[in-house]
Structures are given as structure tokens and as C-alpha cells.
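Observations on the three-dimensional arrangement
Chain by chain, the residues:
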Amino acid sequence: MAFEKDFNLDVTELRLGLPGTSEESEKQASTTLRISNKRAMPDMNEDSSVAADKKCDQETAPPTKAQVVGWPPIRSYRKNSLQTKKTEAETCGMYVKVSMDGAPYLRKIDLKMYKGYPELLKALEEMFKFKVGKYSEREGYNGSEFVPTYEDKDGDLMLVGDVPWEMFINSCKRLRIMKGSEARGLGCVV
Amino acid sequence: MMNYFPDEVLEHVFDFITCHKDRNSVSLVCKSWHRIERYSRRRVFIGNCYSISPERLIARFPGVKSLTLKGKPHFADFNLVPYDWGGFVYPWIKVLAETGIGLEELRLKRMVVSDESLELISKTFVNFQSLVLVSCDGFSADGLAAIAANCRFLRELDLQENEVDDHRGHWLSCFPESCTSLVSLNFACLKGEVNLGALERLVSRSPNLKSLRLNRSVPLDTLQKLLMRAPQLVDLGIGSYVHDPSSEASNKLKHAIQRCKSIMSLSGFLEVAPRCMSAIYPICGNLTTLNLSYAPGIHGNKLTKLIQHCRKLQRLWILDCIGDKGLGVVASTCKELQELRVFPSDPFGAGNDAVTEEGLVLVSAGCPKLNSLLYFCQQMTNAALITVAKNCPNFIRFRLCILDPVRPDPVTNQPLDEGFGAIVQSCKRLKRLSLSGLLTDQVFLYIGMYAEQLEMLSIAFAADSDKGMLYVLNGCKKLRKLEIRDCPFGNAALLEDVGKYETMRSLWMSSCEVTLGGCKTVAEMMPSLNVEIINESDQTEFNLDDGQKVDKMYLYRTLVGHRKDAPESVWIL
């Protein structure tokens, strides 16, 4: 999506921490399974044929927690059952209603399933069979009679794409795809 | 002296000996005892279905009525074994059917059970009464339908944690009107819907029903009706438990539950609205077994309040969202507790809700009768393990799983050798042990020295050298099953005492240092062992270089040589 490249939304994102730091590196560090580094200092077994450092050579890149096959040792049945519950539980998902002007019924989507605006808009386009225009901060969506909007916590009707993604999913209560003349008032330039 | 007793007397005496280990001992006394025991044996336990053939089973025990079979190696539960590795029950059923055995009971674990097998069982064994399937796969609701329809005297249908293809839920309707013998019905692991009317009618005409475990699809109002018809239940597994506490449905349920004064075991809550838990408080006082490990919806206050009502609990299976504090409540409430299992609710997550060493210490202090533990936790310390060992010297099963498998003691940054050492030294009756955390060869020295009763040991990401494995093989005289993954054990350890493996059921080694050459040597020296190499890589041919490290090796003793049903990914040396 064009607007992602034009506007560095990270800059406007409200976040705890010093400017310039990012969460990414911290997250990776905590989930990495370090097999080689964390070994205790070996007792001096000079005659041992398989030394600890041999094991260090084995693994070039330590796998992350989720990638170690068969660990933690839980039966697949139990693991699958937990996964099912997680994906089904509404408390874990952020389901919001999506309406489209003129459509006979509404849909529901889980905002947590998407990493950002491009994926969300693509999903909406596929679900309702339409195309959004090109986004610009100055002019909103250009080139289509469909405009994605949402109702925020205050009950106001907002244009999708203005605020950082995290802020959006936390404040979005429902989505509405406006169509035609009504949409024009919000900045749709056809 | 015993020679002068007629066979019938000895047989009658032997009837009182039910444990298969004892019966095995009895049969070794002398030839006549062997003969009498043979013909009178009704229950046979086979821990590895490839260790013997059905033909030889029947030749020795022609009167067998109950058969227990285990198939795939334990690590198959964790996706370490290819799905088509083996463990098919059909050949067994076929032979039993052909030789006219009057099979009444079949208990299978980690086996592949086809619908064809189930159908054959249902149509062949007229007196078939009991089918228990644990962690099996390969069958669908069609197979269950055959069992339901044809086993006229079925007493027990117990499905535990199986992967079942049950998109067609008509199987329950296949129980004929004439079937009134059910004592135990457990279909909690099925995902599909069942005919609720058929279920109600079935329960209504089963006056002996003691155990009923429902799946998720069974709604609350059906549960209420079932409880009204079966107040004699001893074991209940609730499917869906979602209701508004102020509603009429909820009141009816409360009334129904209160009538069930015999319920001692409770499980399920596969779908749950936690604010409704108070409806079951009336029966909590009698519970000896509680399994909430599939109910992540019950946590926090609701969970601890529930547990506070369960003063007689002996067995508790729970999720780690109970937290250390919650375990403190368990410790102060459940003084009769013998078995505790704490499963991870979020195996790959950040572990915010998980339990630590603190919870375990609290339980060990409050529950002195604790003898069986499965504990998934964020971290563990040596100090905690030492305290636990002191508080609970009666452990028979001690399985600890630290979610990060090589995590040291977070306080001292030391390996957990001393902690586990304390456990094996204190718990003289320890039969099963699973280790995790940062561990060196030292812990294995302790295990070899102290774990005299140890029968099963599971090791992962541990040790520094072959010495670790050698300590265990040399020290643990009663070892039957050893399973190892991701440890630096190589040929030197593997080959030190190959005769030992004949005294064991099986040995599993994966991602270790053993080579093809080493495995071949074992196979050559010990024809009574099957040495299987499992290779799941994309290579179409096995790399024949003896120096090549082996990905997965599974060896087991057998009386019947190489099996003929191994898939391409398995090479039997």
C-alpha cells in the first residue's frame, strides 16, 4: 500500500521507551533457545570423548522456543486443543463488526489477525469484493467510491489509516465501508 | 508340598494374583506352575506390540480374555516419530479372530486403530465388553458406530485423547435399544456433534452407568437431563458448561447436580463460563479426582474458590494459570493429595501465568502424601528441589519440565544436578523420572547411585559426555525404558554394555552422537534386539556411511525378530 511507504508511522507512534529503541530485539532475545551459550562451566573431564564444545559447533543458530520439535513435551492432542481454544476465545481476539453500505448483512473480523493496514484492507477488499483507493494523509482515499471508516471509542466516525496500527486496533470498535456520495464528505476524492 | 494339590486348587489360588508382573513370577517357579498359570491367565499386558506376535501370545495363553497393547514409542506423543511408523492393531485382531479367542477387553495405547479393526472386533467377539483407546489414531466415527451397533454386551467405551475423524456423529445412535449394559462411556476427545436425543435415551436405559465423559458439543440442558437420569454417576466429564447463573437452566442444573451424591471424579469443562462454577460446589466435597487441564477459562479467583471446596482431593490435573498462589491454596486445602499435574496453558508464550519453584515447594509442604508429579514450570531452583525432596520422600513418579529446557537455577546460575540428586536420594521408591533444566554428568552419577527402583528415565538437552549415560546404565538395575534426546551420548556409551538392553523394554536416542556404525554394532551383537533407525529427511536413500550420525534410533527387545510393517523412513538394522 502506498501510504505505508510515504509515511513513517513509527515516528508518530506513542510508545514507552527512549526514542530510537525498539521492542523487536528484546523480544527475540528472550525467546531464543540458547543451547550452547548457557552450559555451565564443565567439570574438567579431560578424558571425555565428547566435549561440551562439540555440541556448540553442532548448532549454528540456536532455534527459538517455538521451533524446537517436540518441546515442551505435551501430547499433540492437548497442544491442538489449546490452540483451538486460543483461536476461538473472543477474549483473545479483537472481533469487530464490519458493515458495508448496501450489503444485506454485516461481517465480523478479528483485528489481531492482521499485522497492519495493508493486510486489513486486503482482507476487507476480498470479503466484500471492492477496492479502496490510494491513501494519502492529505486527501484520504483517492480513486474509489469505497472508503474504509471506523467508529472509535468516543463514538466518532474516523478514516482508517490515519493513526498508527496499534493505536487503531485498540480504539476501533467497529468498521464501516462507506460508499458513494456519503463517503465524499470524509475526504474521498473521486 | 504344592505338587500334591490338584491343578484346580492352584488355579484358584492364582486367581487371586491379578498383577501381570506377579503372574510372570509365578510362572517361573516350576514347570507345572508355568503350565497352570498359562491356562488360567485371563489378562495379558504387552508393553511393546513388536516384542511378541499374536500367534505366540495365543500359543502361551489360550484363555486370554483381556489384552493390553502399547505401540509407538513414548516420544511419538511429541511428534518425534513419523505418523506411519507402525503400531497397527489390525494384525492382532485378525489373528485373535481366526483362532477363536473369546476376547472381552482391549486396551490400546499409541496404536494405529483402523475402522476395519473396530468392525472386526465388533463382529467377531460376541462377548466383547470393554474398549479403551489412549492416544491412538487411525479411526473414525464409523468404527465407533460398528462397536456401538454390534457389541451387545458392551460395558466400557473409553476414548482418551485420541485423534478421531468424527465428522459424522451418528455413531451414538447406533447403540441398539437392547443395549443396557454400559458402565463407562467417555467420548470427550471427539470434536463432532452427537445425537443428543440418542445420548439421553442411552443414558436412561443404562442403570449401571458409573462413568460418563461428554464432549464439547453436549450443551448444558442436555447435561442437566443426563444427570437427572443418572444420579448414580461416580465419574463425570462435563462438555459445555456455559450458562447464566441467574437463569432457570442454571437452577435446574444445580438441582440435578445436587442429586448426584456419588460423583468422586470430575473433569472436562471444555467450554466454560467461569462465573457459573458455584453450581458444582455441592459435589466438590466428595471429589477425589479433579481434571481442569482442558479448561483454561477457569482461573484466578474462580479456580481457587473451587479448589477450596475440594478437601478430599487425591488427584488434581490443572493448568499453570493457577499460578504459585493458587498452588498455595491447593497446599492448604488438599491434604490428601497424591498426584498433581500442572500443564502449560501457553506452551510457546511469554509465560506470564506460569508456575515456578515456589508453587511446587508450597504443595510439597502442604501435601505430604504427594507421590506423583508432572510439573511444567518457568524455572526451578536447587534449593526448591532439595526442600521438595525433604518434604515428600514418597515420590513414585517425578516429572519436571522447565519450559526452557536448559535453564539453570536462576538464583545461583548453577545446573540443577544437586536438586535432582536430592530427589533421587530421598525418594527411594522412585520408578519414573523426567529431567529438565541445565544438567551435567553429575546428575546422572546421582541417579546411577541412588535411583535403585527407577524403571523409566526421560532425558533431554542434558549431560556433558558419555559418562552421563554410563552412570545410568551401570547403576539403575531395574531400568526398563530409557528415552534420550539432544544429549552428547555417543557410541562409547551405547556399546559399553549391550547386554543391558535385553533387560529393558526399549531405548530411544535422538539427536545424540551415536553413529550408524555404532547402531549396526549393537544389532550385530544382539540378535534379540530390533535396532531401528528413523530417518525423516528428504534423502531417498539412507546415507550408508557408518560414521554418519543417526537422527533417531529406537531399539527394543523382541522374540519375533524384524517386523515386516516398517515404512520407508524406518530402517531395521
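Residues numbered from 1 in each chain as written. Chains lettered and ligands numbered in written order. Predicted model: local features only at pLDDT ≥ 70, side-chain atom pairs only at ≥ 80, totals over all residues. Heavy atoms only, no water.

Per the secondary structure count, chain A includes eight helices and seven strands. Pairs at least 24 apart in sequence give 54% of the contacts found in chain A among residues at least 6 apart. When the accessible surface of chain A is split by element, carbon and sulfur atoms take 52% of a total near 11800 Å². (Helix = DSSP H or I, 4+ residues; strand = E, 2+ residues; numbered from the N terminus. Contact = heavy atoms within 4.5 Å. Areas by Shrake-Rupley, 256 points an atom, 1.4 Å probe, with all protein chains shown as cover.)

With that settled, consider the overall build of chain B. Secondary structure assignment for chain B yields 20 helices and 23 strands. Structurally, chain B occupies a C-alpha span of about 70 × 65 × 60 Å along its principal axes. Here chain B, with 573 residues, has 59% of them falling under the buried criterion. Contacts in chain B between residues far apart in sequence, at least 24 positions, make up 71% of those at least 6 positions apart. (Buried < 20%, exposed > 50% of the residue type's maximum accessible area, 1.4 Å probe, protein only.)

Right, let's talk about the pairing of strand β13 (residues 315-319) of chain B for a bit. Residues and elements named next belong to chain B. Counting buried residues in β13 gives four out of five residues, a clear majority hidden from the surface. Two strands pair when backbone bridges link them, and strand β12 (residues 289-291) and β13 are joined in this way by three bridges, in the parallel orientation. Among the inter-strand pairings, Leu290 is bridged to a residue of β13, identified as Leu316. Viewed along the sheet, the connection from β12 through helix α12 (residues 300-308) into β13 turns out right-handed. Here five bridges tie β13 to strand β14 (residues 339-343), and the two strands are oriented parallel to one another. Along β14, the bridge assignment pairs Ile318 with Val342. The parallel pair β13 and β14, bridged by helix α13 (residues 323-333), forms a crossover whose chirality is right-handed. (Pairing = 2+ DSSP bridges. Right-handed = clockwise from strand over helix to strand, strands pointing away.)

Let us look at the packing of helix α5 (residues 90-98) of chain B against helix α6 (residues 115-124) of chain B. The relative placement of two packed helices is expressed as an angle between their axes plus a distance between the axes. All names here are of chain B. Two elements in contact, α5 and α6, have axes whose closest approach is 9 Å; the angle formed by their N-to-C orientations is 20 degrees. The pairing of α5 with α6 is recorded here as roughly parallel in orientation. The crossing of α5 and α6 is left-handed. Residue-level contacts link Tyr90, Ile93, Lys94 and Ala97 of α5 to Glu116, Ser117, Leu120, Ile121 and Thr124 of α6. (Axes fitted to C-alpha atoms, helices over the stretch in contact; angles between N-to-C directions. Parallel < 35°, antiparallel > 145°, perpendicular 65-115°, else oblique. Left-handed = near helix turned anticlockwise from the far one by under 90°.)

Look at the UniProt record and you will see "domain: F-box" (unreviewed entry) annotated at residues 5-46 of chain B. Between the end C-alpha atoms of residues 5-46 of chain B the distance is 31 Å, and the span holds 62% helix and 10% strand. (UniProt positions renumbered as here; feature names shortened; annotations may be inferred.)

A word on the pairing of strand β1 (residues 43-46) of chain B. The two faces of a sheet get side chains in turn, since along a regular strand they alternate between them. Alternating positions in β1 of chain B separate cleanly, Val44 and Ile46 of chain B being buried on one face and Arg43 and Phe45 of chain B remaining unburied on the opposite face. Of the crossover connections in this fold, the one passing from β1 of chain B over helix α4 (residues 54-60) of chain B to the parallel strand β2 (residues 66-70) of chain B is right-handed.

The next subject is the packing of α6 of chain B against helix α7 (residues 141-150) of chain B. All names here are of chain B. Contact geometry of α6 with α7 gives a least axis separation of 8 Å together with a crossing angle of 5 degrees. It follows that α6 is roughly parallel to α7 by the angle criterion. Touching Asp115, Leu118, Glu119, Ile121, Ser122 and Lys123 of α6 are Asp142, Gly143, Leu144, Ala146, Ile147 and Asn150, all from α7. Each residue belonging to the contact of α6 with α7 can be placed in one class, and the counts come to five nonpolar, three polar and four charged. (Nonpolar A, V, L, I, M, F, W, Y, C, P; charged D, E, K, R; others polar.)

Right, let's get into the side chain of Asn530 of chain B. Residue and element names in this part refer to chain B. Locating Asn530 in the fold gives a position in strand β21 (residues 529-534). The class for Asn530 is buried, based on a relative accessible area of 0%. Within the local environment of Asn530, its side chain forms a polar contact with the backbone oxygen of Gly561, the two atoms lying 2.9 Å apart. Dropping the residues within four chain positions of it, Asn530 is found in contact with Tyr554, Leu555, Tyr556, Thr558, Gly561, His562, Arg563 and Ile572. (Polar contact = N/O pair within 3.5 Å; in protein donor to acceptor, adjacent residues only side chain to side chain.)

Residues and elements named next belong to chain B. For Cys136, the location among the structural elements is in the loop between β4 (130-134) and β5 (137-140). Exposure remark for Cys136: the relative accessible area of 1% places this residue in the buried category. Taking the C-alpha atoms as reference points, Cys136 and Gln232, separated by 96 residues in sequence, lie 30 Å from one another. When neighbours within four sequence positions are excluded, Cys136 is seen to be in contact with Leu108, Lys109, Arg110, Met111, Val113, Asn162 and Glu163.

Turning our attention to the state of the cysteines. Residue and element names in this part refer to chain B. Following the criterion strictly, the structure yields zero disulfides over all chains and no others. Free of any disulfide, Cys19 has its nearest cysteine sulfur in Cys30, 20 Å distant. Free of any disulfide, Cys151 has its nearest neighbouring cysteine sulfur in Cys179, separated by 9.0 Å. (Disulfide = S-S within 2.5 Å.)

Next up on the list: the nonpolar core. Core analysis: the biggest nonpolar cluster contains 187 residues, and Trp171, Tyr241, Phe269, Phe398, Ile447, Tyr501 and Leu507 of chain B have the highest contact counts within it. Tallying contributions element by element places α7 of chain B first for this core, with five residues. Setting aside its immediate chain neighbours within four residues, Leu507 of chain B contacts Met469, Leu482, Ile484, Leu494, Tyr501, Met553, Tyr554 and Leu555 of chain B. In terms of nonpolar packing, the next biggest core, distinct from the first, is built from 27 residues, Val96, Val132, Val147 and Trp165 of chain A among them. (Core = buried A, V, L, I, M, F, W, Y, C linked by side-chain atoms within 4.5 Å.)

This part covers the sheet that holds strand β7 (residues 174-179) of chain A. Residue and element names in this part refer to chain A. Pairing within the open sheet is mixed, and its five strands lie in the order β2-β1-β7-β5-β6. Strand pairing shows two members of the sheet lacking a second neighbour, β2 (107-110) and β6 (157-159), which therefore form its edges. Between one strand axis and the next, the sheet turns by 35 degrees as a mean value, whatever way the strands run. The sheet contacts of helix α6 (residues 117-128) involve β1 (95-100), β2, β5 (146-151) and β7, and relative to β2 the element is tilted by about 155 degrees.

Residue and element names in this part refer to chain B. Together, Phe5, Val9 and Val13 line one region of the surface with nonpolar side chains, adding up to about 230 Å² of accessible area. Here Val9 is to be found in helix α1 (residues 7-15). Since its relative accessible area comes to 35%, Val9 is described here as partly exposed. (Patch = residues over 30% accessible without salt bridge, like charges linked within 9 Å, V, L, I, M, F, W, Y side chains within 5 Å. Salt bridge = Lys/Arg side-chain N within 4 Å of Asp/Glu carboxyl O.)

Residue and element names in this part refer to chain B. Regarding helix α15 (residues 382-391), the residues found buried are Asn382, Ala384, Leu385, Val388 and Ala389. The buried residues of α15 occupy an angular sector of 160 degrees when projected down its axis, which confines them to one face. In α15, the exposed residues that point more than 90 degrees away from the buried face are Ala383 and Lys390. Buried residues along α15 sit against α14 (357-366), β16 (397-402) and α16 (417-426). (Arc of directions from axis to C-beta.)

So, on to the packing of aromatic side chains. Tallied over the entire structure, the rule returns 22 aromatic pairs over all chains. On the numbers, 6.0 Å between centres and 80 degrees between planes, the contact of Phe444 of chain B with Phe489 of chain B is edge-to-face. Residue Phe444 of chain B is found in helix α17 (residues 441-450), and its partner Phe489 of chain B is found in the loop between β19 (481-485) and α19 (491-495); the two are separated by 45 residues along the sequence. A residue is classified by how much of its surface remains accessible, and Phe444 of chain B, at 0% relative accessible area, is buried. Taken together through their ring pairs, the aromatic side chains of Tyr50, Phe75, Phe78, Trp85, Trp508, Tyr554 and Tyr556 of chain B make up a single cluster. Arg78 of chain A extends its terminal NZ or CZ atom over the ring of Tyr294 of chain B, reaching a point 4.3 Å from the ring centre. Here Arg78 of chain A stacks its cationic end above the ring of Phe343 of chain B, 3.5 Å away from the centre of that ring. (Phe/Tyr/Trp six-rings, centres within 6.5 Å; stacked < 30°, edge-to-face > 60°. Lys NZ or Arg CZ within 6 Å of the ring centre and 35° of its normal.)

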